[in-house]
Amino acid sequence: IGDEEAESGSQAHLPTGSQTLRRWAIFGVLWALIWMSNSTLILFLPVCGVWMMMGARREWRRALAGAMLSGVLCVACVAPWVYRNWVVFHALIPTRGNLGAELYQSMLPSNDAFPWGTTIPYVEAHPEYKAYRAMGEVAYVKDKGEQANAMIRTHKKRFVEYALKRFYFFWAGVPHPIEHGWLNEFGRELNYSFLSVAGLMGLGLSLKRRVPGATLFAWAFVMLPLAYYFVTSGARFRHPLEPLIDIFAVFLFQSATRRRSRETSVGQTLAGEVEA
């Protein structure tokens, strides 16, 4: 994106004729694939849909029809999985059914907001495994979810404290035991957090310059990590957001290079005029 376009404050608009049913259909199918691969990313789906419709003010009828088609195709693609869950578990499970158990683990003081191992132990003699087998997955997860909600109501301070820790883990890295020296651990966290800071600064710069599409990507930074702050967090959960972090980090340093280049060019021109 050129400096003139970015600095002019132009807003992102979809080009005329872009609201085709074919593109909306592809949009729906792609989001169905995302739904089946990583259901947490669905939080960003409404933002994408609304952003596309807002950019098609002159074609709002076609956009509305396309959005409806996209929704129907998305639901149709995931319907076999939902039906399978209904047949197997006799319950409506659109994506995954383990939230209650994961939320329970996230509130345990023994985990201290850090990622844990398996939610249900593999050892058949373990009491939790026996309870899981006796109750069934749906009932077990529901029971754990109720216990988690009870802990959240009675330990609100712990809930907020753990959420803040996971926020740090997501952007700065989960601390590791200092087995190879504190300097090695410091370098690991510095390397991890540097990219986060650079990406966030690049995003802020793009918003300040009103770069087209920056607002959409800002919502991605808000919505994609949201669930992990309250359940669990780790480096692998940030992988879907990593490409955007890298792009905005490059944008930040590229913008700084362009500015220095312009200042150098102007300085050389003025020097030449003075000598003349």
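For clarity, every value in this text was computed on a predicted model and none was experimentally measured. (Residues numbered from 1 in each chain as written. Predicted model: local features only at pLDDT ≥ 70, side-chain atom pairs only at ≥ 80, totals over all residues. Heavy atoms only, no water.)

Chemist: Could you clarify how one ought to interpret the packing of aromatic side chains in this entry?
Modeler: Note on aromatic pairs: each is described by the distance of the centres and the angle between the planes. This structure, assessed with the given rule, holds 16 aromatic pairs. The interplanar angle of 65 degrees and the centroid separation of 6.4 Å between the aromatic rings of F27 and W31 together place this pair among those described as edge-to-face. In this pair, F27 and W31 are both assigned in helix α2 (residues 21-37), four residues apart and thus about one turn of the helix distant. As far as burial versus exposure is concerned, F27 and W31 are alike and both buried. Ring centres of Y168 and F169 lie 6.3 Å apart, and the angle between their planes is 65 degrees; this geometry places the pair in the edge-to-face category. Through a chain of ring-to-ring contacts, the aromatic side chains of F167, F170, W171, F217, F221, Y228, Y229, F237 and F248 assemble into a single cluster. (Phe/Tyr/Trp six-rings, centres within 6.5 Å; stacked < 30°, edge-to-face > 60°. Helix = DSSP H or I, 4+ residues; strand = E, 2+ residues; numbered from the N terminus. Buried < 20%, exposed > 50% of the residue type's maximum accessible area, 1.4 Å probe, protein only.)

Chemist: Is there a simple way to think about the nonpolar core in this case?
Modeler: One finds W31, F44, W171, F221 and L241 to be the most contacted residues of the largest nonpolar core, which totals 30 residues. Taken together, the elements giving at least two residues each to this core come down to α2, α3 (45-54), α4 (60-89), α8 (156-172), α10 (214-223), α11 (226-230) and α12 (242-275). Leave out the neighbours within four places in its chain, and W171 touches Y192, S193, S196, L200, F221, P225, Y229, R238, L241 and I245. Counting eight residues, the second largest nonpolar core, distinct from the first, contains Y104, A148, M151 and F159. (Core = buried A, V, L, I, M, F, W, Y, C linked by side-chain atoms within 4.5 Å. Contact = heavy atoms within 4.5 Å.)

Chemist: How should the pattern of salt bridges be read in this particular structure?
Modeler: When the charged atoms of two side chains lie near each other, side chains of opposite charge can form a pair. As enumerated under the stated definition, the model contains four salt bridges in all. With a closest N to O distance of 2.8 Å, D112 and K165 form a salt bridge. Placement of D112 in the loop between α5 (99-106) and α6 (127-135) and of K165 in helix α8 is noted, with a sequence separation of 53 residues between them. Looking at D112, the relative accessible area reads 28%, which means it is partly exposed. (Salt bridge = Lys/Arg side-chain N within 4 Å of Asp/Glu carboxyl O.)

Chemist: What is the right way to read α8 from this model?
Modeler: An α-helix turns once per 3.6 residues; consequently, residues spaced three or four apart project the same way. Taking 1.5 Å of rise per residue, 17 residues should cover 24 Å, and α8 covers 24 Å from first to last C-alpha, within 8% of that figure. R158, F159, Y162, A163, R166, F169, F170, W171 and A172 are the residues of α8 that are buried. Backbone geometry just after α8 places G173 at a positive phi near 105 degrees. (Expected span 1.5 Å × (residues − 1).)

Chemist: Just to check I follow, could you spell out empty space enclosed by the protein for this structure?
Modeler: Empty space left among the atoms is revealed by rolling a probe the size of a water molecule over them. One pass over the full model with this rule turns up one cavity of 30 Å³ or more. Taken as a whole, the largest cavity encloses approximately 30 Å³ of empty space. Surrounding the largest cavity, L41, F170, L224, Y228, F237, R238, P240 and L241 form its lining. Grouping the constituent residues of the lining of the largest cavity by class yields seven nonpolar, no polar and one charged. (1 Å grid on protein atoms, 1.4 Å probe; cavity = no way out; pocket = protein on both sides within 12 Å on 5 of 7 lines; lining within 4 Å. Points joined across faces, edges and corners; volume = space filled by probe spheres on them. Nonpolar A, V, L, I, M, F, W, Y, C, P; charged D, E, K, R; others polar.)

Chemist: How should I be thinking about a nonpolar patch on the surface in this particular structure?
Modeler: Taken together, the side chains of Y83, W86, V87, V88 and L92 present a nonpolar region at the surface, about 570 Å² in accessible area. Relative to the assigned elements, W86 resides in helix α4. Judged by relative accessible area, which is 48%, W86 ranks as partly exposed. (Patch = residues over 30% accessible without salt bridge, like charges linked within 9 Å, V, L, I, M, F, W, Y side chains within 5 Å. Areas by Shrake-Rupley, 256 points an atom, 1.4 Å probe, with all protein chains shown as cover.)

Chemist: Explain the state of the cysteines here, please?
Modeler: By definition, a disulfide links the sulfur atoms of two cysteines through a covalent bond. Counted under the stated rule, the structure contains zero disulfides. For C74, which is in no disulfide, the shortest distance to another cysteine sulfur is to C77 and amounts to 7.0 Å. A relative accessible area of 6% means that C74 is categorised as buried. Owing to a relative accessible area of 40%, C77 belongs among the partly exposed residues under this scheme. (Disulfide = S-S within 2.5 Å.)

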